[in-house]
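Structural description and commentary
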2 protein chains.
Amino acid sequence: MAAERSGGGDPARTLALLWRTPQEPKPVGRKPKVSVDQIVTAAIAVADREGLGAMSMARVAQELGVGTMSLYTHVPGKAELIDLMADAVLQERDLVPEGTWRERVQHYADRTRAVYQAHPWMRDVSMVRPPLGPGLMDGQEFVLAALADSGLEPRQVTVAHVAVEGFVHGAAASEVDDQQLAATTGESGDSWWGARQVFWDDYFDVERYPAMTALWNAGAYDTEGTLAENMHRSWNYGLDRLLDGIEGGMR
Amino acid sequence: MAAERSGGGDPARTLALLWRTPQEPKPVGRKPKVSVDQIVTAAIAVADREGLGAMSMARVAQELGVGTMSLYTHVPGKAELIDLMADAVLQERDLVPEGTWRERVQHYADRTRAVYQAHPWMRDVSMVRPPLGPGLMDGQEFVLAALADSGLEPRQVTVAHVAVEGFVHGAAASEVDDQQLAATTGESGDSWWGARQVFWDDYFDVERYPAMTALWNAGAYDTEGTLAENMHRSWNYGLDRLLDGIEGGMR
DNA sequence: TATTGTTTCCGTATGGCCTACGGAAATGGG
DNA sequence: CCCATTTCCGTAGGCCATACGGAAACAATA
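Residues numbered from 1 in each chain as written. Chains lettered and ligands numbered in written order. Predicted model: local features only at pLDDT ≥ 70, side-chain atom pairs only at ≥ 80, totals over all residues. Heavy atoms only, no water.

**Observations concerning the protein's contact with DNA strand D**
Close to DNA strand D lie 27 residues; Lys33(B), Gly67(B), Met69(B), Ser70(B) and His74(B) are nearest. Each atom of DNA strand D within 4 Å of the protein was classed as base or backbone; sugar and phosphate made up 74%. The side chain of Ser56(A) places a nitrogen or oxygen atom 3.0 Å from a phosphate oxygen of DNA strand D. Between DNA strand D and Lys33(B), the relevant distance is 2.4 Å, taken from a phosphate oxygen to a main-chain nitrogen or oxygen of the residue. When contributions to the surface near DNA strand D are tallied by element, the ones reaching two or more residues are helix 3 (57-64) of chain A together with helix 4 (71-74) of chain B. For the surface near DNA strand D, the class distribution of residues is 11 nonpolar, 9 polar and 7 charged. (Near = heavy atom within 4 Å. Polar contact = N/O pair within 3.5 Å; in protein donor to acceptor, adjacent residues only side chain to side chain. Helix = DSSP H or I, 4+ residues; strand = E, 2+ residues; numbered from the N terminus. Nonpolar A, V, L, I, M, F, W, Y, C, P; charged D, E, K, R; others polar.)

This is how it looks when you write it as structure tokens:
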């Protein structure tokens, strides 16, 4: 399925929802059975358990014990609901501004990674046209403040920011991909690779792939630990090297 | 929509398709109206034009002038078809092993980026449980050979490999996200941001976001060029810094 | 209490998706 | 001409988002 995205709906309405612009309680009329917060919470719960693909309007309504169409009274549509979900979980990062600029970027990366771990469906939410809510904005402010303290020129800060942001979201996404697939398909990554043992037996050609063969023979793949642990190690390594490079590029 | 993925179908069947294991022509029986190659080509064409979300079995069959169910004679299901599509476009990279290890990694990144540019739907294809076909494998061999020439220890090569791979696919994905959304929603990135001018007017709080405000005032966002050009610049910067870091880490 | 205005709830219907099943159609050999 | 074999594909079941419009609930008023 393609990346889920914010609708072309009225931006003002979506922004009001993202920032929960308070509106005076209606004096007359039927009392609502559900609130926006309840809908968002229920939607996140469904997506956490069964993936974004299973998060249908009908499924969320069922979870709340209301009719499907009732949701549309509180939320413009599914795309906007996903925006609300994304911003809500980004708020869970709870960033504390302590330490050097580098430690703060690493903290930001760790917290963002934790969000993806807790909510693997974030992999499927595009951050190119992001939900302009408090969750996203607070995060941007945090990293930009850290990078601005690094000594980079203002113009360089914005460039470095895109690179860091890309790495963090990209790496977090690929790291949780595995879990998400395990959850939705019911097959773990290890089992999946195991079932493809046939590949190494029947298709891998040592003459066509000398570098891989050499690495294999050198024991480069004799690793302890699970697939997830190895990905995490690589994630830390990659971010460290990227920050090394940014630091070194200032001279 | 959630990431599209390979089915739990018979791995042997999928691998045979990926490597196009030749099978002796059937002596008897009805002649096929379409081939696997034709199906994959048509599916790629549809996805290129209208996104992976529009690439339905019915749509592909229509493109080929056959009934929907006829496709299932040649391809196990939609998930496997997506694997075949992904491996096919990865083969377009056509990697030439020239230059220093660093130039080769950069060449790999450029060619992979070109694939995403030409086929934006690749953003929606998970690379965690990748199609183990020639397109993927040749690419892996190419980068691993380059990294192995860098002087890193074998064990370090595999770690660096995951980091580079993550950066390349992640950055390429976020770079094409914008184009893909422009194509499927009919709204360009610039127009989308324009419609959200309201945000800066009504919601942005200079006291809550001092770092962003300072950068803005310092002219860090007074950039010429389009959104796409800026993303490309950041991509190059990020990869350079990552490779700087890898190079520096060897000492 | 009955009416009225307002708001929310939600059943129905439309048009899409994947794919299991099984019969029809085509083909070449005996 | 028959028949085994292979491919083609119509039907049907069970999902999805959401436009529309009427029913139901509620507060204020008469």
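Moving on from the model shown.
**Looking at the nonpolar core**
Proteins that are soluble and globular tend to have nonpolar side chains buried together. Among the nonpolar cores identified, the biggest contains 141 residues, and Met55(A), Met85(A), Met55(B), Met85(B) and Met122(B) are the most heavily contacted of them. Not counting the four nearest positions on each side in its chain, Met85(A) is found in contact with Val40(A), Ala43(A), Ile44(A), Ala47(A), Leu52(A), Met55(A) and Trp121(A). (Core = buried A, V, L, I, M, F, W, Y, C linked by side-chain atoms within 4.5 Å. Buried < 20%, exposed > 50% of the residue type's maximum accessible area, 1.4 Å probe, protein only. Contact = heavy atoms within 4.5 Å.)

**Description of the side chain of Ser234(A)**
You can see Ser234(A) is positioned in helix 12 (residues 227-248). Classification of Ser234(A) as buried rests on a relative accessible area of 4%. Sequence-distant contacts of Ser234(A), defined by excluding residues within four places in its chain, comprise Val159(B), Val162(B) and Ala163(B).

**With respect to the protein's contact with DNA strand C**
Around DNA strand C, the structure places 25 residues, and the nearest of them are Lys33(A), Gly67(A), Met69(A), Ser70(A) and His74(A). In this structure, a phosphate oxygen belonging to DNA strand C sits 3.4 Å away from a side-chain N or O atom of Lys31(B). The backbone of Lys78(B) places a nitrogen or oxygen atom 3.2 Å from a phosphate oxygen of DNA strand C. At the level of secondary structure, the elements contributing two or more residues to the surface near DNA strand C comprise helix 4 (71-74) of chain A together with helix 3 (57-64) of chain B. Grouping the amino acids of the surface near DNA strand C by side-chain chemistry returns 10 nonpolar, 8 polar and 7 charged.

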